[in-house]
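Architecture at a glance
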Amino acid sequence: MLFLATPLAGLLAAAIGVIALTGPDEETADTVPTAHTGMVTGTVWVANEEGGTLTAIDAATHQVATTLDGIEGPHNVQMGPDGASLWTVSGHDSFAAMLDTTSLEVHGAVPTGGSPAHIVVTPDGATAYTTNAEDRTVTAIDTATMRRVATIPAGAGPHGLRPSPDGRWIYVANVSGTTLSVIDTTTNTLVDDIAVGRGPAQVAFSPDGRFVYVSLNGEDAVAKVDVARRRLVGKIKVGDGPIQTFVTPDNRFLLVANQGDETAPGTTVSFIDIGSFTLTENVDTGQGAHGIVVEPSGKHAYVTNLYGNDVAVIDLATLTVVARIPVGGKPNGISYSPLTVEPAPTTMLRLPDGTAGEPAQHSDDEGHDGDTH
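What comes next concerns the included structure. Treat the numbers as computed from the prediction; the structure is a model and nothing was measured. (Residues numbered from 1 in each chain as written. Predicted model: local features only at pLDDT ≥ 70, side-chain atom pairs only at ≥ 80, totals over all residues. Heavy atoms only, no water.)

A few points about the sheet that holds strand β12 (residues 147-153)
Spatial strand order, β9-β10-β11-β12: four strands in an open sheet with antiparallel pairing. Because the sheet does not close on itself, it has two edges, and the strands there are β9 (116-121) and β12. Neighbour-to-neighbour, the strand axes of this sheet turn through a mean angle of 20 degrees, independent of strand direction. Looking at chain direction, strand β10 (residues 127-132) and strand β11 (residues 137-142) are connected through six bridges and run antiparallel. The residue bridging T131 from the neighbouring strand is V138, located in β11. (Pairing = 2+ DSSP bridges. Helix = DSSP H or I, 4+ residues; strand = E, 2+ residues; numbered from the N terminus. Axes fitted to C-alpha atoms, helices over the stretch in contact; angles between N-to-C directions.)

Pasting the structure below:
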């Protein structure tokens, strides 16, 4: 897979390197029903891991607005709470970067542990956290100073992670193991490990913070954890090789992307009724359903299809796919911003020197294999 990395030195030096941007004239979405044009505004950001690009999709038109090129192995993207700061990681070169989504300029970059996978930002925007698969750690970054402030131990193959709605906890899915690691954000320390099952890949909190749901890639299932008791309270079967999860803003559905693997791709997103914790629907989205985000109004969900190199748009009222948008190679992480990115042709961005390096070797048991968790 593409998470090979080396430590970085002098990442924030004044010398500058270059990354390329490509514009909206290269690929366009399929025809979108008129009723869904303009239904949602803002931008959907996608990390294309194999292509080394980030794609910006106009949520109103379902067209690609621009594509940022040059960050090697970007497994995940995440919007800050202000909607203007976009965070991503380079699994190849082991750094996290923050971009301004209005100017499309790089604000800064910070070295992480080896082979970072996912990045999240706390609800107050003060701290970003990355999972580092090679090191079995989580890096905490002060977003104001763009400095690493803590390195926190986690389990085997830390992968997906998300903050609780109140920002007090970070729950980390350890995909090469069987546990969730719980981090206290007030002290940046590991406070618990919760046994959930084989191959936990990503977590999703209920909007009220009472429960966290975790995909179990090794069991084709989803587990439900009581946050107050830190205890497994339920488990349900879904599709093949579940990866990312997301709860709708109204707390009605839990969405689970079933990726499968490259030889037998999964093609569905499972819809689980939150109230009854039962599977109600499987929606066919494309080859290798992987990343999921639901925009705040709850009208549309967006799903990256890892082996189809596109993004599916689901109408959450009818549970049907209303658009498919071609993006880059192996689209992985996905995030939503309420700010609209203006269409841009091929452009150049500048990144601090020291961000690119030779890939380092890491063991094959960290959950970052060719299946691309």
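Following the structure, the description resumes.
Digging into the pattern of salt bridges
Tallied over the full model, the rule gives six salt bridges. As a salt-bridge pair, E50 and K330 come within 3.7 Å of each other at their nearest N and O atoms. Here the residue E50 occupies a position in the loop between β2 (43-48) and β3 (53-58), and K330 occupies one in the loop between β28 (320-326) and β29 (331-337), the gap between them amounting to 280 residues. What makes E50 exposed here is its relative accessible area of 53%. Looking at K330, the relative accessible area reads 12%, which means it is buried. The salt bridge involving E262 is made with K330; its shortest N-O contact spans 4.0 Å. Placement of the pair is E262 in the loop between β22 (253-260) and β23 (265-273) and K330 in the loop between β28 and β29, with a sequence separation of 68 residues. (Salt bridge = Lys/Arg side-chain N within 4 Å of Asp/Glu carboxyl O. Buried < 20%, exposed > 50% of the residue type's maximum accessible area, 1.4 Å probe, protein only.)

Some words on the pairing of strand β27 (residues 310-315)
The element β27 is extensively covered by neighbouring structure, given that six of its six residues are classed as buried. Residues D310, A312 and I314 line one face of β27 and the alternating positions V311, V313 and D315 line the opposite face, and both faces are buried. Of the strand pairs in this sheet, strand β26 (residues 300-305) and β27 are connected by six bridges, and their pairing is antiparallel. Residue H300 lies in a different strand from β27, and its bridge partner there is D315.

By themselves, these figures tell us nothing about what the structure is for.
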